Amino acid sequence: MKILVFGATGPTGKQVVTQAFSQGHTVTAFVRKPELLPIVDPRLRLIVGDTTLDASTIAEAIRGQDFVVSALGRSKTLKSENLMARSMRLIVPAMEQHGVRRFIMMSAFGVGESHTEAPLIPRIIYRVLLKDIFADKKAAEDRVRLSRLDWTIVYPVMLTDGPLTGNYRVGLHLELKGMPKISRADVAHFMLAEASTRAFVHKVPVISY
């Protein structure tokens, strides 16, 4: 399939791109800094642009795709700069306009009402340290939920750089204890699989070990 990946230079986005190639897909990577994506493959198409500003470039990237994956995030900073919400204001209408309906967006467990299901220590972190980041993710989710897209919003718990295992739990509600974790590689694995299986269309699955 033809896949468009936003946030392709981030740690999870790189996993999506790499695994997509291993599954035989063709990838368009939408990036601000192409030098941060050191992946060489004849099936890779790079489009340089800003997801918060470049509406026409986003539309060009979306046209003709089979599905779109967003692995956008603010990396290690605690300041959102409203990246997610500003990006969805351009990405969602462009997808609707060009009839590309399948959208997989990575958000985070703890956003919105999901924080009530978190163990104590993560719940404190969500509400104190990640307050601004999670508010931005919530605003982005709200825009996606109101769209005409076949969306899935993925809620990973704490992300790690661990290996791809393929052995993880996914569900709308999971029993979580302590400091639950999931590798970025396994999150990417699930997002690519969900694009095809469509088990969680218009749903928000949590993913954890």
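For every chain, the first residue of its written sequence is number 1, and the numbers climb from 1 along that sequence. For a predicted model such as this one, the threshold for reporting local features is a pLDDT of at least 70, and the threshold for listing and counting side-chain atom pairs is 80 or more; totals across whole chains, interfaces and linings nevertheless cover every residue. Values shown for side chains rest on all heavy atoms present in the structure; no hydrogens or waters enter the calculation.

**Overview of the packing of aromatic side chains**
Here is the rule: rings of Phe, Tyr and Trp (six-membered ring for Trp) pair when centre to centre is within 6.5 Å. Planes less than 30 degrees apart are stacked, more than 60 are edge-to-face, and the remainder are tilted. Per the stated rule, a full pass over the model turns up 5 aromatic pairs. Judged by centre distance (5.2 Å) and plane angle (50 degrees), the rings of Phe6 and Phe30 are tilted. Of this pair, Phe6 sits in strand β1 (residues 2-6) while Phe30 sits in strand β2 (residues 26-31), placing them 24 residues apart in sequence. Both residues of the pair, Phe6 and Phe30, belong to the buried class. Ring geometry for Phe109 and Tyr126: centres 6.2 Å apart, planes at 85 degrees, overall edge-to-face. With Phe109 in the loop between β5 (102-106) and α4 (120-128) and Tyr126 in helix α4, the pair connects residues that are 17 residues apart, well separated along the chain. Side by side, Phe109 and Tyr126 carry an identical accessibility label, which is buried. Pairwise contacts between aromatic rings join Phe109, Tyr126 and Phe134 into one cluster. A run of H or I in DSSP becomes a helix once it reaches four residues, and a run of E becomes a strand once it reaches two; helices and strands are each numbered from the N terminus. Type-normalised accessible area, obtained with a 1.4 Å probe on protein chains alone, sets the label of each residue: buried when under 20%, exposed when over 50%, and partly exposed for intermediate values.

**Regarding the packing of helix α2 (residues 55-62) against helix α3 (residues 83-97)**
Packed helices, taken two at a time, are described by the angle between their axes plus the distance between the axes. Their axes nearest at 9 Å, the elements α2 and α3 cross at an angle of 45 degrees. One element, α2, and the other, α3, form an angle in the oblique class. Considering the relative orientation of α2 and α3, their crossing is right-handed. Where α2 approaches α3, its residues Ala55, Ile58, Ala59 and Ile62 are matched on the opposing element by Leu90, Ile91, Ala94 and Met95. Gly is placed with the polar residues, together with every amino acid not listed as nonpolar (Ala, Val, Leu, Ile, Met, Phe, Trp, Tyr, Cys and Pro) or charged (Asp, Glu, Lys and Arg). Looking at the contact of α2 with α3 residue by residue, the class counts come to 8 nonpolar, no polar and no charged. Orientation is described by axes fitted as lines to C-alpha atoms, over the contacting stretch for helices, and by angles from 0 to 180 degrees between their N-to-C directions. When describing relative orientation, an angle under 35 degrees is termed roughly parallel and one over 145 degrees roughly antiparallel, while 65 to 115 degrees is termed roughly perpendicular and anything else oblique. Here a crossing is called left-handed whenever its near helix is offset anticlockwise from the far helix by less than a right angle, and right-handed whenever the offset is clockwise. By definition in these notes, contact holds between two residues if any of their heavy atoms fall within 4.5 Å.

**Considerations on the pattern of salt bridges**
Pairs can form between side chains of opposite charge once their charged atoms are near each other. Throughout this description, the term salt bridge denotes a Lys or Arg side-chain nitrogen within 4 Å of a carboxyl oxygen of Asp or Glu. Following the criterion strictly, the structure yields 11 salt bridges and no others. Of the charged contacts in the structure, one is a salt bridge between Arg45 and Glu60, with a shortest N-O distance of 3.8 Å. Of this pair, Arg45 sits in strand β3 (residues 44-48) while Glu60 sits in helix α2, placing them 15 residues apart in sequence. Judged by relative accessible area, Arg45 falls into the partly exposed class, the value being 35%. Its salt-bridge partner being Lys138, residue Asp142 comes within 3.0 Å of it at the nearest N-O pair. Taken as a pair, Asp142 and Lys138 lie in helix α5 (residues 131-145) at a separation of 4 residues, close to a single helical turn. We classify Asp142 as partly exposed; its relative accessible area is 31%.

**Remarks on the layout of surface pockets**
One water molecule sets the probe size; rolling that probe over the atoms shows where empty space is left. A 1.4 Å probe that fits into a set of points on a 1 Å grid over the protein atoms alone but cannot get out defines a cavity; an open set with protein on both sides within 12 Å along at least five of seven lines defines a pocket, and lining residues are those with an atom within 4 Å of a point. Grid points are joined across faces, edges and corners, and a volume is the space filled by probe spheres set on the points. There is about 1300 Å³ of room inside the largest pocket. Lining the largest pocket are 46 residues, with Leu72, Gly73, Arg74, Ser75 and Lys76 sitting closest to its centre. The class makeup of the residues in the lining of the largest pocket is 23 nonpolar, 12 polar and 11 charged. Space inside the second largest pocket adds up to approximately 180 Å³.

Scope: geometric values only; no functional claims are made or implied.
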